[in-house]
Amino acid sequence: MNQPTDNHWPLTEALESRESIRLAKSYGLFVNGQFIRSSGSKKYWTINPANEKRLSRITESTPKDVDRAVRAARNCYEKHWSRMKPSERGKYIYRIARLIQEQSRELAILETLDGGKPIRESRDIDIPLAAAHFFYYAGWADKLKYAFPNRNPRPLGVAAQVIPWNFPLLMAAWKIAPALACGNTVVLKPAETTSLTALKLAEIIQQADLPAGAVNIITGHGPVGQSLIQHPDVDKIAFTGSTHVGKSIQTALATSGKRSTLELGGKAANIIFADAPIDQAVEGVVNGIYFNQGHVCCAGSRLFVEESVYDQVIEKIKDRIDTLRVGEPLDKNTDIGAINSKKQLAIIDQYIELGTAEGAHLYQPDCPLPDSGFWCLPTMFTDVSQSNRISREEIFGPVLAVQTFRTVAEVIKKANNTRYGLSAGVWTNKGSKIFNMTSQLKAGVIWANTYNQFDPASPFGGYKESGFGREGGLHGLAAYLALK
Ligand code: TAP
């Protein structure tokens with residue numbers, strides 16, 4: 001934990017205990033209801049990014065393992081899961097939700113150890129939301145014909161799902177819960193740096209006694225995801241990750257006729273009008289970009305402030321940045337934890353150097369960082385122009401780029417001047433302005449006078465290079481169904 005400055009209350013360290021976690025020295029693959037050894041021999045360490053210490057050894061799947069997992073999923077789909085009474089499927093999914101709740105403390109600690117995010121976030125956001133997604137979709141399992149009246153909802157088959165490292169368990173829940181509710185079976189690959197909670201979810205699926213093969217979890221690096229997605233016997237591809245990889249997947253699938261949803265990168269605009277409740281807006285901006293170290297696809301990384309309140313807003317953001325606590329993620333006082341990996345830290349640092357080289361003005365708080373681990377101070381760039389790369393490219397770290405505007409037309413043009421279209425935020429006390437903005441901003445999700453709010457009933461997804469398809473809500477069900 002960084003030392004208290006004038007702006008910090010001298011809080012005593014409040015470390016979450018690691019005693020309640022059960023961590024194996026090494027994990028196999030979860031295939032056909034069992035943890036199995038790979039057909040190969042490669043394993044790699046997953047580490048704690050806050051201190052670079054080794055946590056556990058993770059298996060690198062081979063193409064043969066991928067094939068085995070897909071075959072298990074196919075077998076279960078044909079013999080059990082798609083034939084099961086929908087209300088029975090729902091019971092299994094409810095069971096998973098309850099087990100996640102029961103084991104939430106352990107899951108939260110593991111998420112924090114493996115991913116670097118503050119325990120407050122894993123405990124209060126990631127894990128409760130993951131359980132909520134299973135509860136929500138369990139409820140739909142036997143009501144699909146009411147969700148889509150006059151249609152004949154049918155499952156698609158085997159879903160290949162590949163997820164990133166920023167919300168490991170939550171992304172797994174976003175994908176597995178609707179797929180199962182609709183009668184599909186699943187092979188999921190978590191990110192190489194954050195596989196632990198997906199493997200714990202595999203244990204939960206075992207405890208819930210799901211038919212063997214309904215959910216299979218295989219670990220490894222990018223090529224494992226590639227061979228899963230390109231497996232000839234998968235029917236649906238659900239990918240969340242970078243636009244770069246998303247494009248390569250889309251190219252590979254071009255002539256396959258397979259259903260796919262891609263949830264990709266973002267460069268969201270957060271817009272503050274002069275009539276906004278400024279303190280609330282500043283809190284929303286800080287939450288929007290510094291939450292989860294900025295490892296959020298919908299992070300409000302571009303801030304547009306109406307010129308007349310610019311000085312006031314910038315001073316308030318600086319004051320707020322100065323009070324943020326960067327440090328040990330297991331400490332309940334921590335606001336900003338560790339960057340997920342050395343590789344991601346290097347990318348963020350390059351962008352921070354670039355921002356200065358591009359002529360933008362850098363602001364970072366004056367506070368020491370721990371000696372080991374991967375850390376980045378909350379960073380704000382002012383004097384940014386539309387052409388600067390820091391305002392055009394996704395950084396995926398706690399780096400805010402601020403610009404000003406004078407008119408509604410100007411800010412809409414600036415906000416939409418991006419290849420992404422995932423999310424946006426609008427801060428104003430005028431309802432009519434909110435409606436005007438939401439109809440003109442090209443973003444899949446737009447928050448008004450709040451930011452980063454998620455709910456299982458609410459669809460989430462992007463436009464343009466942020467991908468296509470929606471997860472969450474009824475839209476999230478439709479992505480796993482053939483609707484005739
Ligand atoms: P990626 O590098 O794209 O990795 C995402 C997942 O794909 C990982 O499991 C990765 O495995 C795997 N993968 C890598 N290369 C692959 C390939 N050629 N074929 C199939 N799978 C492959 O992204 P990331 O760095 O983990 O995550 C950050 C990105 O995800 C950001 O751009 C962020 O905006 C985006 N994201 C979007 C959303 C939504 S909802 N739109 C949500 C969260 C994150 P390895 O981990 O082993 O490389």
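Remember, predicted model here, so these are calculated numbers, not experimental data.

Give a description of the overall build of the chain that names residues and reports values.
The helix and strand inventory of the chain stands at 15 helices and 21 strands. The globule rule puts the C-alpha radius of gyration for 484 residues at 23 Å, and the 22 Å found for the chain is close to it. C-alpha atoms of the chain, sized along the principal axes, occupy 65 × 50 × 35 Å. Relative to its 484 residues, the chain shows a buried fraction of 60%. Considering only contacts within the chain whose residues lie at least 6 apart along the sequence, 76% involve residues at least 24 apart. Of the roughly 19,100 Å² that the chain leaves accessible, carbon and sulfur atoms contribute 50%. The centroid of the 56 positive side-chain charges in the chain is displaced by 10 Å from the centroid of its 48 negative side-chain charges.

Describe empty space enclosed by the protein, naming the residues involved and giving the relevant values.
Under the counting rule described, the total for this entry stands at five cavities of 30 Å³ or more. Looking at the largest cavity, its volume works out to about 90 Å³. Taken together, 16 residues make up the lining of the largest cavity; nearest its centre are Arg302, Ala415, Ser423, Lys442 and Ala443. Elements supplying a minimum of two residues to the lining of the largest cavity: helix H13 (408-416), strand S16 (420-421) and strand S17 (423-427). Residues of the lining of the largest cavity, tallied by class, amount to eight nonpolar, five polar and three charged.

Before we move on, could you go through the layout of surface pockets and cite the residues and values that matter?
By volume, the second largest pocket is sized at about 340 Å³. Surrounding the second largest pocket, 16 residues form its lining, Arg120, Glu121, Ile125, Asn287 and Phe291 being those nearest its centre. Elements represented by at least two residues in the lining of the second largest pocket include exactly helix H4 (119-140) and helix H10 (278-290). Per-class residue counts for the lining of the second largest pocket are eight nonpolar, two polar and six charged. Each of domain 1 (26-264 + 466-482) and domain 2 (269-448) gives at least three residues to the lining of the second largest pocket.

Can you lay out the domain arrangement of the chain for me, pointing to particular residues and giving the numbers?
With domains assigned, the chain is organised as domain 1 (26-264 + 466-482) and domain 2 (269-448). Counting from both sides, the interface comprises 28 residues of domain 1 and, opposite them, 30 residues of domain 2. Across the interface of domain 1 and domain 2, roughly 2,300 Å² is buried in total on both sides, 56% from carbon and sulfur atoms. There are one salt bridge connecting domain 1 and domain 2. Note that Arg120 and Asp335 form a salt bridge whose closest N and O atoms lie 2.9 Å from each other.

Kindly report on the state of the cysteines, identifying the contributing residues and their values.
Counted under the stated rule, the structure contains zero disulfides. With no disulfide partner, Cys76 has as its closest neighbouring cysteine sulfur the one in Cys182, 15 Å distant. A disulfide-free cysteine, Cys376 has its sulfur positioned 11 Å from the sulfur of Cys367, the nearest such atom.

How would you sum up the environment of Pro49? Please name residues and give values.
Mapping Pro49 onto the fold places it in the loop between strand S3 (43-48) and strand S4 (53-59). Pro49 gets classed as buried once you look at its relative accessible area, which sits at 1%. Along the primary structure Pro49 and Gly337 are separated by 288 residues, whereas in three dimensions their C-alpha atoms are 9.2 Å apart. Non-local contacts of Pro49, meaning those with residues more than four positions away in its chain, are made with Leu113, Asp114, Gly115, Gly116, Ala338, Ile339, Asn340, Gly373 and Phe374.

Could you give an account of the pattern of salt bridges, naming the residues involved and the relevant values?
Going through the model one piece at a time under the given rule, you end up with 24 salt bridges. Lys175 is paired through a salt bridge with Glu471; the nearest N and O atoms lie 2.7 Å apart. Placement of Lys175 in helix H6 (residues 168-181) and of Glu471 in the loop between strand S20 (467-468) and helix H15 (473-478) is noted, with a sequence separation of 296 residues between them. You can call Lys175 buried: its relative accessible area is 0%. Judged by relative accessible area, Glu471 falls into the buried class, the value being 5%.

Account for the pairing of strand S14 (residues 379-382), naming residues and giving values.
Taking every second residue as pointing to the same face, both faces of S14 are buried, with Thr379 and Phe381 on one and Met380 and Thr382 on the other. One ladder, built from three bridges, connects strand S13 (residues 361-363) with S14; its direction is antiparallel. If you follow His361 over to S14, its bridge partner there is Thr382.

Give me the sheet that holds S14: which residues, what numbers.
Through backbone hydrogen bonds, the strands of a sheet pair up, either in parallel or in antiparallel fashion. Judged by pairing direction, the sheet is mixed, and its seven strands sit side by side in the order S13-S14-S15-S12-S11-S17-S18 without closing on themselves. Each having just a single partner strand, S13 and strand S18 (445-448) make up the two edges of the open sheet. Ignoring which end each strand starts from, the neighbouring axes of this sheet average 20° apart. Pairing of S17 with S18, which is carried by four bridges, proceeds in the parallel orientation. Bridging from a neighbouring strand, Ser423 pairs with Val445 of S18. Lying over the sheet, helix H12 (residues 342-357) contacts S13, S14 and strand S15 (399-405), oriented at roughly 25° with respect to S14.

The rules we used
Residues numbered from 1 in each chain as written. Predicted model: local features only at pLDDT ≥ 70, side-chain atom pairs only at ≥ 80, totals over all residues. Heavy atoms only, no water. Helix = DSSP H or I, 4+ residues; strand = E, 2+ residues; numbered from the N terminus. Rg over C-alpha atoms; globule rule 2.2 N^0.38 Å. Buried < 20%, exposed > 50% of the residue type's maximum accessible area, 1.4 Å probe, protein only. Contact = heavy atoms within 4.5 Å. Areas by Shrake-Rupley, 256 points an atom, 1.4 Å probe, with all protein chains shown as cover. Lys, Arg positive; Asp, Glu negative; His and termini not counted. Charge placed at Lys NZ, Arg CZ, Asp CG, Glu CD. 1 Å grid on protein atoms, 1.4 Å probe; cavity = no way out; pocket = protein on both sides within 12 Å on 5 of 7 lines; lining within 4 Å. Points joined across faces, edges and corners; volume = space filled by probe spheres on them. Nonpolar A, V, L, I, M, F, W, Y, C, P; charged D, E, K, R; others polar. Domains from an automatic or database assignment. Buried area = accessible area lost by both parts, 1.4 Å probe. Salt bridge = Lys/Arg side-chain N within 4 Å of Asp/Glu carboxyl O. Disulfide = S-S within 2.5 Å. Pairing = 2+ DSSP bridges. Axes fitted to C-alpha atoms, helices over the stretch in contact; angles between N-to-C directions.

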